[in-house]
Structures are given as C-alpha cells and as structure tokens.
Amino acid sequence: MSKGLFDARRKLSSVAALVRQDKPLNAAQALFDGLQAMLREPLLKSEKAEFARFVENAVREINYNKQIQAQFSIQLPYAPGEESALLDNVKLLLDTLEGLAVDEADKALQEREASKKARFVEAMELLVAGKAEEGKKIFKSLAAEYYDDAGLMVEASEALEKAGHLEEAVIYMEKARFLVKDDVYILNKLGIFYRKAGRREESEKMFLAAGARTPDDPYLLFNKGRLYLDWQRWSECLAAAKAALALQPDFEEARKMAGYAAKRV
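Residues numbered from 1 in each chain as written. Predicted model: local features only at pLDDT ≥ 70, side-chain atom pairs only at ≥ 80, totals over all residues. Heavy atoms only, no water.

Caption draft 1: Spatial organisation of the packing of aromatic side chains. According to the stated counting rule, one finds 8 aromatic pairs in the structure shown. Every member of this aromatic cluster is reached through a ring pair, and the members are Phe120, Phe139 and Tyr172. (Phe/Tyr/Trp six-rings, centres within 6.5 Å; stacked < 30°, edge-to-face > 60°.)

Right, here's the structure in full:
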C-alpha cells in the first residue's frame with residue numbers, strides 16, 4: 001500500500017504501451033524504474049503474486065519486440081523471486097539502447113516529462129508560498145494535458161491535501177481512481193480523504209475494496225478502524241485494531257485504538 005509500490009505498479013504497467021508506441025528506450029527505462037521501486041519496498045504476501053504478473057507481462061512485451069530484439073542479442077530471463085537478477089539484465093539493455101541513436105520520439109517524450117516536472121514543482125512552490133489559486137491553475141492545466149497520467153493525479157492530490165485543500169485533493173484522487181480503478185494505494189488514500197471530509201459511507205467503501213485486494217496490510221486495517229472510531233462504531237473499530245495487531249504486534253497506535261474502543265463496546 002506504500003507510495004513506492006504505487007509508483008512501481010504504474011511504471012511496470014506502462015511498459016506494454018511504450019513498446020507498442022515504438023519507444024523501446026522509454027519502455028526499458030520504465031521496466032528498470034518499476035523494478036527498482038518494487039525492490040525498495042517489502043512486499044506483503046498478497047502483493048507478491050500481483051507484482052510477479054506485472055513483471056512477467058512487462059518482460060514478455062520487451063522480449064517479443066522486434067526492434068529490441070534487433071538491438072539486444074539476448075532475451076531477458078525472469079522467474080518470480082529473481083527480480084534483482086532481472087534488474088541487472090535490464091540495466092544492460094538500457095545501456096545498449098542508450099548507446100544507439102535515440103529517435104526523435106524518445107527525445108520529445110523526455111523533454112515533455114522534464115517540462116511536466118518543472119511545472120509541477122512550480123505549482124507546489126506556489127502552494128507553499130500561499131498563492132493557492134495560481135498553483136491550482138497549473139495543476140488544472142497539467143491534468144488537462146496529461147489526462148491519462150494517474151501518477152500525476154496522485155501527486156497533485158497529495159500536494160493539495162498537504163496544503164490544506166482537501167476538496168480539491170479529493171477531486172484529483174478520484175481522477176486517479178478513474179484511471180487505475182483497483183489500486184490499493186489510491187483506494188486507501190480516498191478512504192482517508194473521505195473520512196476527513198465526513199463522507200463515511202464512501203470512506204468505508206474504499207477501505208473495504210482495498211482490503212479485499214490486500215487483506216494482510218496492518219496500516220490499511222488501522223485506517224479502517226480510524227474511520228469506525230470517528231463513526232463511533234466501536235465493535236468494528238475494535239475488530240479492525242485487533243486484526244492490525246495480529247499482523248503487526250508492535251503497532252502501538254493500533255494497540256491504543258483497541259484499548260480505547262474496548263472501553264466503549
């Protein structure tokens with residue numbers, strides 16, 4: 001449920017589209033970045049099979065692409081659990097592709113990404129400086145231009161929430177969910193945002209959907225319990241806190257919540 005795993009999912013999922021757009025360098029870079037992000041985060045049992053499928057699909061797209069085959073003499077071997085070895089091989093592929101002439105489409109895509117990042121940083125700086133409306137205009141412009149970029153929507157949402165603009169934060173996170181419907185990170189963030197906005201039924205729906213995909217995440221269970229605490233549904237709050245503690249016995253916040261709810265059941 002971490003932000004790092006959200007980024008890994010997004011990168012790995014983009015490989016197929018980049019290959020089919022004849023952008024082999026960008027596809028290899030997305031696979032490399034996705035693997036790095038994945039390896040930096042501990043995976044829950046329920047997440048391991050999911051990520052293995054993401055990686056297998058990405059590797060298959062790379063291996064079957066004729067343009068990459070013509071430039072890279074070997075195929076990428078992969079079996080679940082061998083992501084570190086795969087990362088080394090993808091780095092070799094990247095070095096090979098970068099050593100060749102980068103086509104204009106790749107260059108244009110890289111320049112576009114650099115421009116997007118610079119505009120995003122400008123919007124965040126405006127929010128911090130108290131010029132919220134100017135920052136929001138840039139986010140709105142970016143969202144219109146990069147309408148299919150779920151990562152951008154998540155980043156904009158979190159920047160707005162951090163700056164105290166919860167209503168707008170919800171809108172951008174909902175845009176992200178429209179693009180990536182079943183991502184646990186997005187579902188959890190929407191659950192938190194809806195709770196803060198007093199939209200309890202919608203918050204519960206998000207937490208239940210996320211829990212159906214990742215039932216062994218103690219932080220997700222804690223967040224659901226926090227909703228039930230606000231709602232004064234003490235039995236459900238206690239059950240969620242106990243479930244979080246069963247997965248992570250040293251989860252002190254969950255222990256405190258369990259004690260608080262137990263006194264009110």
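Caption draft 2: Structural detail: the nonpolar core. Core analysis: the biggest nonpolar cluster contains 51 residues, and Phe139, Val154, Tyr172 and Ile186 have the highest contact counts within it. Looking at this core, the element that brings in the most residues is helix α10 (residues 184-196), giving 8 residues. Setting aside its immediate chain neighbours within four residues, Val154 contacts Lys3, Phe6, Met173, Ala176, Tyr185 and Ile186. Counting residues in hydrophobic clusters, the runner-up holds 32 residues, among them Leu5, Phe51, Ile62 and Leu86. (Core = buried A, V, L, I, M, F, W, Y, C linked by side-chain atoms within 4.5 Å. Buried < 20%, exposed > 50% of the residue type's maximum accessible area, 1.4 Å probe, protein only. Helix = DSSP H or I, 4+ residues; strand = E, 2+ residues; numbered from the N terminus. Contact = heavy atoms within 4.5 Å.)

Caption draft 3: Inspection of the pattern of salt bridges at higher detail. The full count for this structure, using the stated rule, is 25 salt bridges. Among the ionic pairs, Asp149 bridges to Arg10, the shortest N-O distance being 3.9 Å. Of this pair, Asp149 sits in the loop between α7 (132-145) and α8 (150-162) while Arg10 is found in helix α1 (residues 3-20), placing the two residues 139 residues apart along the sequence. On the accessibility criterion, Arg10 (29% relative accessible area) is partly exposed. Among the ionic pairs, Asp149 bridges to Lys116, the shortest N-O distance being 2.5 Å. With Asp149 in the loop between α7 and α8 and Lys116 in helix α6 (residues 104-128), this pair connects stretches of sequence that are 33 residues apart. Given the relative accessible area of 11%, Asp149 is considered buried. Classification of Lys116 by relative accessible area gives buried; the value is 8%. Linked through salt bridges whose partners overlap, the residues forming this network are Asp7, Arg10, Glu113, Lys116 and Asp149. (Salt bridge = Lys/Arg side-chain N within 4 Å of Asp/Glu carboxyl O.)

Caption draft 4: The arrangement of the packing of helix α2 (residues 24-40) against helix α5 (residues 83-99) in detail. Running from N to C, α2 and α5 cross one another at 150°; their axes reach a closest spacing of 9 Å. By the angle between their axes, α2 is roughly antiparallel relative to α5. Both α2 and α5 take part in a crossing whose hand is left-handed. Along the contact surface, α2 presents Pro24, Leu25, Ala28, Gln29, Leu31, Phe32, Leu35, Gln36, Met38 and Leu39, while α5 presents Glu83, Ser84, Leu86, Leu87, Val90, Lys91, Leu93, Leu94, Leu97 and Glu98. (Axes fitted to C-alpha atoms, helices over the stretch in contact; angles between N-to-C directions. Parallel < 35°, antiparallel > 145°, perpendicular 65-115°, else oblique. Left-handed = near helix turned anticlockwise from the far one by under 90°.)

Caption draft 5: Unusual backbone geometry, seen in detail. Backbone geometry places Asp22, a non-glycine residue, at a positive phi of 60°. Looking at the secondary structure, you find Asp22 in the loop between α1 and α2. Asp22 gets classed as partly exposed once you look at its relative accessible area, which sits at 45%. One non-glycine residue with positive phi stands out, namely Gln232, at about 60°. Of note, Gln232 is situated in the loop between α12 (218-231) and α13 (234-247).

Caption draft 6: Fine view of the packing of α1 against helix α3 (residues 45-64). Here α1 crosses α3 at 25°, and the two axes come no closer than 9 Å. Between α1 and α3, the crossing angle belongs to the class labelled roughly parallel. You can see that α1 and α3 cross each other, and the crossing is left-handed. Where α1 abuts α3, its residues Leu5, Ala8, Arg9, Leu12, Ser13, Val15, Ala16, Val19 and Arg20 lie against Glu47, Glu50, Phe51, Phe54, Val55, Ala58, Glu61 and Ile62. Considered class by class, the residues forming the contact of α1 with α3 number 11 nonpolar, 1 polar and 5 charged. (Nonpolar A, V, L, I, M, F, W, Y, C, P; charged D, E, K, R; others polar.)

Caption draft 7: Inspection of α10 at higher detail. The end-to-end C-alpha separation of α10 is 18 Å, in line with the 18 Å expected for 13 residues at 1.5 Å each. The buried fraction of α10 is high, at 12 of 13 residues. Those residues of α10 that fall on the buried side of the exposure criterion are Val184, Tyr185, Ile186, Leu187, Asn188, Lys189, Leu190, Gly191, Ile192, Phe193, Tyr194 and Arg195. Where α10 is buried, its residues meet α1, α8, α9 (166-179), α11 (200-213) and α12. If you check the start of α10, you find a side-chain oxygen 3.0 Å away from the backbone N of Tyr185, and it comes from Asp183. Positioned one or two residues after α10, Gly198 has a phi angle of 80°, which is positive. (Expected span 1.5 Å × (residues − 1). Polar contact = N/O pair within 3.5 Å; in protein donor to acceptor, adjacent residues only side chain to side chain.)

Caption draft 8: How the structure looks around helix α14 (residues 252-262). The complete set of buried residues in α14 reads Ala254, Met257, Ala258 and Ala261. Buried positions in α14, seen along its axis, are confined to an arc of 100° and lie on one side of it. The elements touched by buried residues of α14 are α12 and α13. (Arc of directions from axis to C-beta.)

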